[in-house]
Structure formats: C-alpha cells, structure tokens
Amino acid sequence: MGTVTTSDGTTIFYKDWGPRDGQPIVFHHGWPLSADDWDNQMLFFLSHGYRVIAHDRRGHGRSSQPSTGHEMDTYAADVAALTDALDLQGAVHIGHSTGGGEVARYVARAKPGRVRKAVLVGAVPPVMVKSETNPGGLPIEVFDEFRTALAANRAQFYIDVPSGPFYGFNRDGAQVSQGLIDNWWRQGMMGAANAHYECIKAFSETDFTEDLKKIDVPVLVAHGTDDQVVPFADSAPLSVKLLKYGTLKSYDGFPHGMLSTHPDVLNPDLLAFVES
C-alpha cells in the first residue's frame, strides 16, 4: 500500500506495480469508483513489462475523505503531487469518464517531461451539461436527479447504475455480469457520500475546452457509440477537434463501461497506441 499526502493534508492511496525503470502508465478512474476499476488493464500492461500506477481520487476508495477539494483543479493538483512524489517522467495517462476529465486538466498543466501521451476513454470532456454554448449537452436536471438519488439512498443508486446504463446491461441481449455490478457497488460504497455528491458537479459542469487546446502530446480519444452515461456525439468528436494531436477511435454499440465489458478489444488498442 502506497500513499502520498497533498498540500492540504489529504492522503491519496495508490498502487504502483512493475519495474521502477519501466514505461509508466497512470490510470485515472471514473465516478464513484476507485483504482480497482483498472485491475484488468493493470494486469494486462504489467504482463507486457510496463510500470502501472493507479490512485484513488480524494474521497474515493481508500484515500482520505476531506470536506473540501472535490473539483477538477484539486483533483489535478493531487495527481501532480503523486507524479512528483514518484518522479514520473514520460508517463502515459489513461482516464475513463471523470478520470478522463482529470487527465485533461492535469496534462494541460503538467510539468515539462512528465507526460508522453494521454488516452481519454468514455471521457466527460469537453463539457457534459447543456448550455447556450453546448446545446447538445445533457440538461442540468439529469445531474440533479443523480444528486437526489445519491442523497436519498446511495446504496440502491449504486446498484441501479451498473445494473443499467453504465455497462449497457439494460439493452436487449446484453450479457449481464453480476460480478461487475457487485464490484461497482463495492467500490462506490468505499468512498465518501459528500465527495461523490460534489463530484457530480465536477464531472458534469467543468468545461475542459481550454485544457484540450493546451495539450501538446498525442491523445487517443476512445468512446462507445452506445454510451448512455457520456453520450458519444457531444463528447469524443468534439474533444478531438480541440486537440492538437488527437485521434478518435469509436466502438460501435459499446457501452460506457466498455473497458470492463470488452477488455479483449480495448486492451490491445490501448497497447498499440502506447507503443506507436
């Protein structure tokens, strides 16, 4: 078990597997999960000789549960504290969903030499919520309903989400995995209700447009066309247009949680991008 303490005293839990001199890959999890959501990918890249690192965002998983800092600037600062502590050079940062937003905010501000490439998978950038400047976004009422459900009965909400839209298990013909549902619930309930509540605003209302424009390393943007959590049309294609060196790879009919439902497809594609 590894931890790093941030400037405001928050303890961030992280895993760090593989050779210290190996190419580092840093994984950033989605809401309201933990580093454990990357087990499949971490084992895959570990078997290929990479150094794999994943942390629990503040208020999530095994990290401490502060009252403040549940917004993207602090999330990115926490990542910077971790990469400084481990002195990571030329790392590849891979983020899913909320973690993709965290990657965009961090990479745009990273110290020179820290980042070699980045990957956004089913990621929230450029911005999720509907507005005059983002007419294709989701209405704020969608996220208000998230907050209401979380506050009323978080335990049930964290069964409903993975049982339905997250993994696409609500689609006809879907092969439902009770293990994935249970593990999603387990990870979610490890974290703090206040952190998860406030993170809904962070992932839905943060505008990453300027972050994406600033990123000057190659970025793979991977997204499922049947993503019911972060709709494809208002995310991946728009992000690629803002990136200097962005590549879009879409997956027909794949759900938001495609890293878990289709790792046999995603993992080789991630490896190919990392090694390209």
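See above for the structure.
Source: prediction; values computed, not measured. (Residues numbered from 1 in each chain as written. Predicted model: local features only at pLDDT ≥ 70, side-chain atom pairs only at ≥ 80, totals over all residues. Heavy atoms only, no water.)

Novice: Sorry, what's going on with the environment of Ala202 here?
Specialist: Its location among the elements puts Ala202 in helix α6 (residues 193–205). Judged by its relative accessible area of 4%, Ala202 falls in the buried class. In this structure, the C-alpha to C-alpha distance between Ala202 and Asp73, residues 129 residues apart in sequence, is 9.5 Å. In this structure, Ala202 is in contact with His70, Glu71, Met72 and Tyr75, ignoring residues within four places of it in sequence. (Helix = DSSP H or I, 4+ residues; strand = E, 2+ residues; numbered from the N terminus. Buried < 20%, exposed > 50% of the residue type's maximum accessible area, 1.4 Å probe, protein only. Contact = heavy atoms within 4.5 Å.)

Novice: Explain the packing of aromatic side chains here, please?
Specialist: To describe a pair of aromatic rings, one takes the distance between the centres and the angle between the planes. Enumeration according to the criterion identifies 18 aromatic pairs in this entry. Between the aromatic rings of Tyr158 and Trp184, the centroid separation amounts to 5.6 Å while the plane-to-plane angle is 80°, which identifies the pairing as edge-to-face. On the criterion of sequence distance, the pair formed by Tyr158 in helix α4 (residues 140–163) and Trp184 in helix α5 (residues 178–190) is long-range, its members being 26 residues apart. In terms of burial, Tyr158 and Trp184 fall into one category: buried. Between Phe166 and Tyr167, the ring centres sit 4.9 Å apart and the planes meet at 75°, which makes this aromatic pair edge-to-face. Per residue, the accessibility class of Phe166 equals that of Tyr167, and both read buried. Pairwise contacts between aromatic rings join Trp31, Phe143, Phe146, Phe157, Tyr158, Phe166, Tyr167, Phe169, Trp184 and Phe203 into one cluster. The ring centre of Tyr75 lies 5.4 Å from the NZ or CZ of Arg57, which sits over that ring. The residue whose ring lies beneath Lys117 is Phe273, and the NZ or CZ to ring-centre distance is 4.9 Å. (Phe/Tyr/Trp six-rings, centres within 6.5 Å; stacked < 30°, edge-to-face > 60°. Lys NZ or Arg CZ within 6 Å of the ring centre and 35° of its normal.)

Novice: Got a minute to help me understand the nonpolar core in this structure?
Specialist: Within soluble globular proteins, side chains that are nonpolar generally end up buried alongside one another. Ranked by internal contacts, the top residues of the largest apolar core, which has 46 residues, are Trp31, Val107, Trp184, Phe203 and Ile215. At the level of secondary structure, the elements contributing two or more residues to this core comprise α2 (72–86), α3 (98–109), β6 (115–121), α4, α5, α6, β7 (219–224) and α8 (236–242). The contacts of Trp184, once residues within four sequence positions are left out, are Trp31, Pro32, Leu33, Tyr158, Val161, Pro162, Phe166 and Tyr167. Grouped together as the second largest cluster of nonpolar side chains are 25 residues, Phe45, Ala222, Phe254 and Leu271 included. (Core = buried A, V, L, I, M, F, W, Y, C linked by side-chain atoms within 4.5 Å.)

Novice: I would appreciate a short explanation of the environment of Gly122 in the present structure.
Specialist: Take Gly122: it is sitting in the loop between β6 and α4. Sequence separation between Gly122 and Asp207 is 85 residues, and the spatial gap between their C-alpha atoms is 16 Å. If we skip the residues at most four places from it in the chain, Gly122 touches His96, Ser97, Ala222, His223, Asp227, Val230 and His256.

Novice: For this particular structure, what's the right way to read the pairing of β7?
Specialist: Side chains on a regular strand alternate between the two faces of the sheet. Extensive coverage of β7 is indicated by the burial of six of its six residues. Here β7 shows two buried faces, one formed by Val219, Val221 and His223 and the other by Leu220, Ala222 and Gly224. As judged from the four bridges shared by β6 and β7, these two strands associate in the parallel manner. Within β7, the residue paired with Val121 across the bridge is Ala222. Looking at chain direction, β7 and strand β8 (residues 246–251) are connected through six bridges and run parallel. Note that in β8 the partner of Val221 across the bridge is Leu248. In this fold, the crossover linking β7 to β8 by way of α8 has right-handed handedness. (Pairing = 2+ DSSP bridges. Right-handed = clockwise from strand over helix to strand, strands pointing away.)

Novice: Where do I start with α3 in this structure?
Specialist: One turn of an α-helix holds 3.6 residues; hence residues three or four places apart share an orientation. Compared with the 16 Å implied by 1.5 Å per residue over 12 residues, the 17 Å span of α3 between its first and last C-alpha is a close match. Most of α3 is tucked away: 11 of the 12 residues are buried. Residues of α3 that are buried: Thr98, Gly99, Gly100, Gly101, Glu102, Val103, Ala104, Arg105, Tyr106, Val107 and Ala108. (Expected span 1.5 Å × (residues − 1).)

Novice: Where do I start with unusual backbone geometry in this structure?
Specialist: Backbone geometry follows two general trends: most residues other than glycine have a negative phi, and most peptide bonds adopt the trans configuration. Along the chain, Trp31 connects to Pro32 via a cis peptide bond; the corresponding omega equals -10°. Cis geometry is found at the peptide bond from Pro125 to Pro126, where omega equals 5°. Looking at the secondary structure, you find Pro126 in the loop between β6 and α4. In this structure, Asp87 is a non-glycine residue whose phi angle is positive, near 50°. Looking at Asp87, the relative accessible area reads 47%, which means it is partly exposed. With phi around 60°, Ser97 is a residue other than glycine that occupies positive phi space.

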